[in-house]
Every structure is written in structure tokens, then in C-alpha cells.
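This is what each chain is made of:
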Amino acid sequence: MTNNHVHIKSKLTAGETNIFTIMSKLATEHKAINLGQGFPDFECDEKLKELVSKYVSEGKNQYCPLSGLPKLNQTLSKKMEGMYGMPINPDNQICVTAGATQALYTAIVAFVNQGDEVIIFEPAYDCYTPQIQLAGGIVKPYPMTYPDYKIDWNKVKDMVNDKTRMIIINTPHNPSGTILSEQDMNALENIVSSRNIIVLSDEVYEHLIYDQEEHQSIMRFPALFQQSMAVFSFGKTLHATGWKMGYIVGPEYLISEFKTIHQWNVFCTNSFVQFAIADYLDKPKNYEYLPSFFQKKRDRMNQLFEDVPLTPKLAKGTYFQAYNYDQVSDLDDLAFAKHLTSEIGVAAIPMSPFYTTPPKDKVIRLCFAKQESTIEAAAERLMKLKG
Ligand code: PMP
Ligand code: GLN
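In this text the structure is predicted, and so the values were computed from the model without any measurement. (Residues numbered from 1 in each chain as written. Chains lettered and ligands numbered in written order. Predicted model: local features only at pLDDT ≥ 70, side-chain atom pairs only at ≥ 80, totals over all residues. Heavy atoms only, no water.)

Trainee: Let's hear about the sheet that holds strand β6 (residues 198-202): which residues, and what values?
Mentor: Strand order in the open sheet formed by 7 strands is β2-β8-β7-β6-β5-β3-β4, and the pairing between neighbours is mixed. Bordering the open sheet on either side are β2 (94-97) and β4 (138-143), each of which pairs with just one other strand. The average angle at which neighbouring strand axes cross in this sheet is 20°, direction not considered. Along the sheet face, helix α7 (residues 182-192) touches β5 (164-170) and β6 and points at about 170° away from the line of β5. (Pairing = 2+ DSSP bridges. Helix = DSSP H or I, 4+ residues; strand = E, 2+ residues; numbered from the N terminus. Axes fitted to C-alpha atoms, helices over the stretch in contact; angles between N-to-C directions. Contact = heavy atoms within 4.5 Å.)

Trainee: I'd like to hear about the site of ligand 2, residue by residue, with values.
Mentor: Close contacts around ligand 2 come from F20, Q37, G38, Y125, N174, K236, F320 and R365, and that covers them all. At 2.6 Å, a side-chain N or O of Q37 approaches an oxygen atom of ligand 2. Expressed as a share of its isolated accessible area of 300 Å², the protein-covered part of ligand 2 is 79%. Classifying every residue of the shell around ligand 2 gives 3 nonpolar, 3 polar and 2 charged. (Near = heavy atom within 4 Å. Polar contact = N/O pair within 3.5 Å; in protein donor to acceptor, adjacent residues only side chain to side chain. Areas by Shrake-Rupley, 256 points an atom, 1.4 Å probe, with all protein chains shown as cover. Nonpolar A, V, L, I, M, F, W, Y, C, P; charged D, E, K, R; others polar.)

Trainee: A description of the site of ligand 1 should follow, citing residues and the corresponding values.
Mentor: What surrounds ligand 1 is the set G99, A100, T101, Y125, N170, N174, D202, V204, Y205, S233, K236 and K244. In this structure, an oxygen atom belonging to ligand 1 sits 2.6 Å away from a side-chain N or O atom of K244. Bound to the protein, ligand 1 loses 94% of the 390 Å² it would expose on its own. Take the shell around ligand 1: its biggest share by element is 3 residues, from helix α4 (residues 99-111).

Trainee: Describe the environment of T311, listing the residues and the values that go with them.
Mentor: Here T311 lies in strand β9 (residues 311-313). A residue is classified by how much of its surface remains accessible, and T311, at 33% relative accessible area, is partly exposed. Placed 14 residues apart in sequence, T311 and Y325 show a C-alpha to C-alpha distance of 6.6 Å. Not counting chain neighbours up to four residues away, the residues in contact with T311 comprise Y146, A322, Y323, N324 and Q327. Polar side-chain contacts of T311 include one of 3.4 Å to the side chain of Q327. (Buried < 20%, exposed > 50% of the residue type's maximum accessible area, 1.4 Å probe, protein only.)

This is the structure:
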């Protein structure tokens, strides 16, 4: 790209737009029901909104400490110890961030150097690869495929070498809706123990886990946690994706280095929301309802979609479900997602943008963080696929 005298050399693929923006724009253009980009179409709790207003009115509008409001960090430390049994020092093991995306970015930039290799599991959430590339790292993708999206840890072990600096895991997993088991985490621990490798664990869907399964947080594995960091998003937990608030947690030596970088690209995130979240999440009932709340939505969607000719892969976590569309179309997944949006009136996300080398599987992702009326209307439209 150039102007008369300004020449820009893009550090990424110039002008490339992420799939969520593409599909949401198309959804708006075609007035489609948006089951693509992952966001709830219902409001967050009124009590939470009242707390935010209260703290704005009370004047909590100035900078707070760079690692987060002490009161919020104490609430989070208590919450994490209660859930995963891991004591977390609120003073030096947590850093509040501008969403999980910034936590991931800062962690990657802080620990990945030029030429370092980073193993990711594809389909992988879309920001990992560009963030690794911006840090000068080399992406080493492990391909997982429909319908199981399983990891063969022996193959992962074979990918590890002296250049491997980081392994990024994501459970519950976006976009497949699968989860990692205790055995998966033990296998990961075996691979990284006594190696100079950091595990970055994306756990933004920690509360969105179904069928009585337990979330296998990195914090349940004390030895593994000594070389790991976990990333969380208040957007998912509070139904407020637009607030872009999250946090990272890890052993002190890693969080300390994280903060060294964080201070130069963010310093701190907004104060009044932190005051509000600190009060709100201090009450476990404000997050303990989440698994059953979203499981009901998943189950209702599966009921309403019973006659829709798309084959679901039952989501064990997240608010996404993968669907195979073999029976209705030969189009590739991007073309099919666009067709669904423009012709059927339901926006979806194709799986291929989450891969370095996409498999030929005919799979799309639909989001069920929606009101019942939205899911009903989508089901009605999708029946048109029956021809
Ligand atoms: N990781 C995963 C797996 C996600 O799905 C998302 C987006 N929802 C993020 C990270 C980014 O979260 P945030 O919106 O808090 O930046
Ligand atoms: N995490 C959301 C999803 O997976 C989208 C976030 C974004 O739009 N960048 O749909």
C-alpha cells in the first residue's frame, strides 16, 4: 500500500478482514438472523447495569492500578480458588485486561521471540495466528477434524523441539464446542514438564460447560500451572461482549513479565466497570447459573432444529455448535455460509477460516446465545433447506 510518499509494508496480510466482521456485515445487509458472530442477543443483568451506573455517578472514573482494581482481583482470586482449588495471590498473579484478545496478544508478545515456534490446535480461534506472527513467532498448527476434534498427544509430542516456546490450548473450544478431558491435560503436562515451554490456556468459556462435565482449567493441575497462564473474558461470563474486559492469571514470575509489557500498551482498563464486576462476581449465584442457562438454550435449539437438514455435533461447551451440511449442499463452507445468510436469512460462520490448511469437511458453526424467539425464527427459515 502506498500514498505519494508514504509507503506501508503490512505486518500481516494487508486489508484482510476477519470472518466475524464479514458475516455480521452480510447479515445486516440481508436482514438475516445472526447466528454467526458469537454474542448474546439478550441483555446483561439489570443489577449489573445499575452497579456500573452507580460507580460512574460516584466518580470512579480515574485510572486504577495497572494490574486491576485490588477489590476486583480479590473477588477473582476467591472465585478461582473456590472453583479450581488453586490459591491465587490477588496482588501479583492476576492482571485485568481489555478483553481476552488483549490478554492473549500481550502474553504472546511478552513471551514469544523471533523464530520461536508456537503450537496451536486448529480449528483455532482466529486471533492466535496473527498475534504469533506479529511477535515474530512461527505457527505450528495441529489439525483437529470433524466430528471428534480429538488431539493425539503422541503427535503433539513429535511436534515439540528446542524452538517450541508456547502451546496454546482452548477449552471449552471455539469453534467446535468440544472440551478437553483430565487425560488430555495430563498428557499435555507430560509433554511440557521440564521443558522451556509456556502453556497459554484460553478459558473464556469456563462457565459454559454442559452435561455435568467439569471444566478442566489449567488451575486444577498445580505442576502444569507453574508454567502456564489462563485467559478469561467478562464478555462471556456477564453477557457483555462489548465491554471488552477480561483478565489473565498465572504464576507470579510470568504475570510480572506480562505486566512489564501490559504497562506500555494498555496500562489499565476502565475503573467503573471493574468496581461493578468486583461487587457482582462476589456473589457465586451470579455465575453458577451459567451452565444450566446455556445448556437449556443448546437443548432448545436442538429440539427446534430437529427437522432442519443439518447434522449437529453436540456442543459440550461454549455457545457454539458445529453442523455438517453434507446432505444439502456441495458448496465449500464459506460459500455455503454466505448462501445461508443471503438466501435463507440465517448467518453462520464457516470453519475454514480457523485453519491454516482447511480440510474439505462441510461444517459451519451456529451460535445459540440467543433468545428463544430468535432460535425459533431461525429454525423456521432453515426448514427452507429441505427444498
Ligand atoms: N478466545 C476465544 C476462544 C473467544 O471465543 C473469544 C471471543 N469471544 C476471545 C478469546 C476474545 O474475547 P474478548 O471478546 O474478551 O476479547
Ligand atoms: N468470539 C466471537 C466469536 O467467536 C467473535 C469475536 C469477534 O467478533 N472478534 O464469534
